[in-house]
Amino acid sequence: MLRKLPQTIRAFSTQAFGEISTQQRPKLVDSFNREHTYLRISITERCNLRCQYCMPLEGVDLTSKPELLTTREILQLAEIFARQGVNKIRLTGGEPLINKDIVHLVEKLKDLDGIETVALTTNGVTLSRHLPDLINAGLDNVNISLDTLVPKKFEFIGRRPAATLSKVLKGIRAAVDSPLQSIKLNTVIMKGVNEDELCDFVSLTKEDRISVRFLEFMPFSGNAWSQRKFIPYQAQIEMIEEHFGKLLRHDDEHSSTSMNYSVDGHVGSIGFISSMSRNFCGGCNRLRLTHDGNLKVCLFGKDEVSLRDILRDEDSTSLSSEKEEELVNIIGAAVRRKNFSHGGVEEIKREMKRPMILIGG
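Residues numbered from 1 in each chain as written. Predicted model: local features only at pLDDT ≥ 70, side-chain atom pairs only at ≥ 80, totals over all residues. Heavy atoms only, no water.

Draft legend 1. The arrangement of the environment of Ile237 in detail. Relative to the assigned elements, Ile237 resides in helix H8 (residues 233-244). Residues Ile237 and Tyr261, spaced 24 residues apart in sequence, show a C-alpha to C-alpha distance of 9.8 Å. (Helix = DSSP H or I, 4+ residues; strand = E, 2+ residues; numbered from the N terminus.)

In structure tokens, the structure reads:
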């Protein structure tokens, strides 16, 4: 059940920001002076894989259609965020390519004033089929989630036929050969499952302009996280350097979630997303909008604010200036309440209420 925003919080937000001109929007800056310019929008909770770290074994109860954001509502909210300084939007899921409006969404988002980059995170299963239309619509970047190069392991991790891996690899090749600005592979490393493939993934960067990013296994509701499966990024680097020699460190942007490296002579790069052992919260510039219209200012935070309820609290097909002003104030207040960092593994395990698939990857 989604919670409506209490009137006390609505009042607080108006006091905090005052009445804001539609011509001069506030930047989304929190109390630690972090400006938020990156919005991740989950456009579906459905997926054609059942990856173990993302979806509980028993599956999830799907949200009823009336509770989901419509395409029009996604675009309305995206425009409000763009007016407050967001310049990058990433579409996630579930599997976003399942959404029949995906191409339309990319096109309309790219047309919004202030939006410089529209990106996509996908499992790649149907990417090769959709990619030409997505590029024509204005897609800039793609991240592809892939945790193994071994068909039988793919079946074990994703709980889908091993032959599906060939479709993902076809999608990766199509992306590499396309005019996309950036192609990244996201690989969750789990001890006893796929740490023996670290060097195989690094080898993908030898001749192709791919960035392979190794993610530490993170605890989400229903994904059976345990310390036994966890491998910190330092141990991953040691394994890779034993085979490839000393890695070359890159200069990363302050807001980067990844510590980036490359192997001498390789075209592509690798990165390490160390959410658990060395968080990167200090440079966070990201916000998340769930498929059911909740704003999450932190991936691991338990607090959510329903923008959908506020958006629909008006019997009109268009958004009035008063309603937009209320949304601006609510969003700003939520950002200002954002904590400096998450509370670590134990707090995340205790407070995380949604599986990853219901947050948006």
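That shown, we press on.
Draft legend 2. Looking closely at unusual backbone geometry. The peptide bond linking Gly93 to Gly94 adopts the cis configuration, its omega dihedral lying at 20 degrees. Of note in the backbone geometry, Asn33 takes a positive phi value of approximately 65 degrees without being a glycine. Looking at where Asn33 falls in the secondary structure, it is placed in the loop between helix H1 (7-17) and strand S1 (38-42). Owing to a relative accessible area of 66%, Asn33 belongs among the exposed residues under this scheme. You will see that Arg159, though not glycine, has its phi angle at about 55 degrees, which is positive. Following the sequence through the fold, Arg159 ends up in the loop between helix H5 (151-158) and helix H6 (164-176). (Buried < 20%, exposed > 50% of the residue type's maximum accessible area, 1.4 Å probe, protein only.)

Draft legend 3. Just the pairing of strand S5 (residues 182-189), in detail. In terms of burial, S5 is a largely internal element, 7 of the 8 residues being buried. In the sheet, strand S4 (residues 141-145) pairs with S5 via 5 bridges, with the strands oriented parallel. From the neighbouring strand, Asn143 faces S5, where its bridge partner is Lys184. (Pairing = 2+ DSSP bridges.)

Draft legend 4. Spatial organisation of the sheet that holds strand S3 (residues 117-122). The 12 strands are arranged S7-S8-S9-S6-S5-S4-S3-S2-S1-S10-S11-S12 in an open sheet whose pairing can be described as mixed. For this open sheet the edge positions go to strand S7 (248-249) and strand S12 (305-306), each flanked by a neighbour on one side alone.

Draft legend 5. Structural context of the side chain of Arg90. Considering the arrangement of structural elements, one finds Arg90 in strand S2 (residues 88-92). Buried within the structure, Arg90 lacks any salt-bridge partner; its nearest side chain of opposite charge belongs to Asp140, at an N-O separation of 9.6 Å. Within the local environment of Arg90, its side chain forms a polar contact with the side chain of Thr121, the two groups lying 3.2 Å apart. Once you skip the residues sitting within four places of it in the chain, Arg90 turns out to touch Tyr38, Leu39, Arg40, Ile41, Ala119, Leu120, Thr121 and Asn143. (Lys, Arg positive; Asp, Glu negative; His and termini not counted. Salt bridge = Lys/Arg side-chain N within 4 Å of Asp/Glu carboxyl O. Polar contact = N/O pair within 3.5 Å; in protein donor to acceptor, adjacent residues only side chain to side chain. Contact = heavy atoms within 4.5 Å.)

Draft legend 6. Structural detail: the nonpolar core. In terms of nonpolar packing, the biggest core is built from 85 residues, with Leu91, Phe214, Phe272 and Leu307 touching the most fellow members. Contacts of Leu307, omitting those with residues within four sequence positions, involve Leu77, Phe81, Leu289, Gly293, Leu295, Leu327, Ile330 and Ile331. (Core = buried A, V, L, I, M, F, W, Y, C linked by side-chain atoms within 4.5 Å.)

Draft legend 7. View of the packing of helix H2 (residues 71-83) against helix H10 (residues 321-336). Running from N to C, H2 and H10 point in directions that differ by 65 degrees, and their axes come no closer than 11 Å. Crossing handedness for the pair H2 and H10: right-handed. Residues Leu77, Ile80, Phe81 and Arg83 of H2 form the contact with H10, whose own contacting residues are Glu324, Leu327, Val328 and Ile331. Residue composition of the contact of H2 with H10, by class: 6 nonpolar, no polar and 2 charged. (Axes fitted to C-alpha atoms, helices over the stretch in contact; angles between N-to-C directions. Left-handed = near helix turned anticlockwise from the far one by under 90°. Nonpolar A, V, L, I, M, F, W, Y, C, P; charged D, E, K, R; others polar.)

Draft legend 8. Looking closely at the layout of surface pockets. Roughly 480 Å³ of volume is contained in the second largest pocket. As for the second largest pocket, its lining consists of 17 residues, and the residues nearest its centre are Ile43, Lys65, Leu68, Leu69 and Asn99. When the residues that make up the lining of the second largest pocket are grouped by side-chain class, the tally is 5 nonpolar, 7 polar and 5 charged. (1 Å grid on protein atoms, 1.4 Å probe; cavity = no way out; pocket = protein on both sides within 12 Å on 5 of 7 lines; lining within 4 Å. Points joined across faces, edges and corners; volume = space filled by probe spheres on them.)

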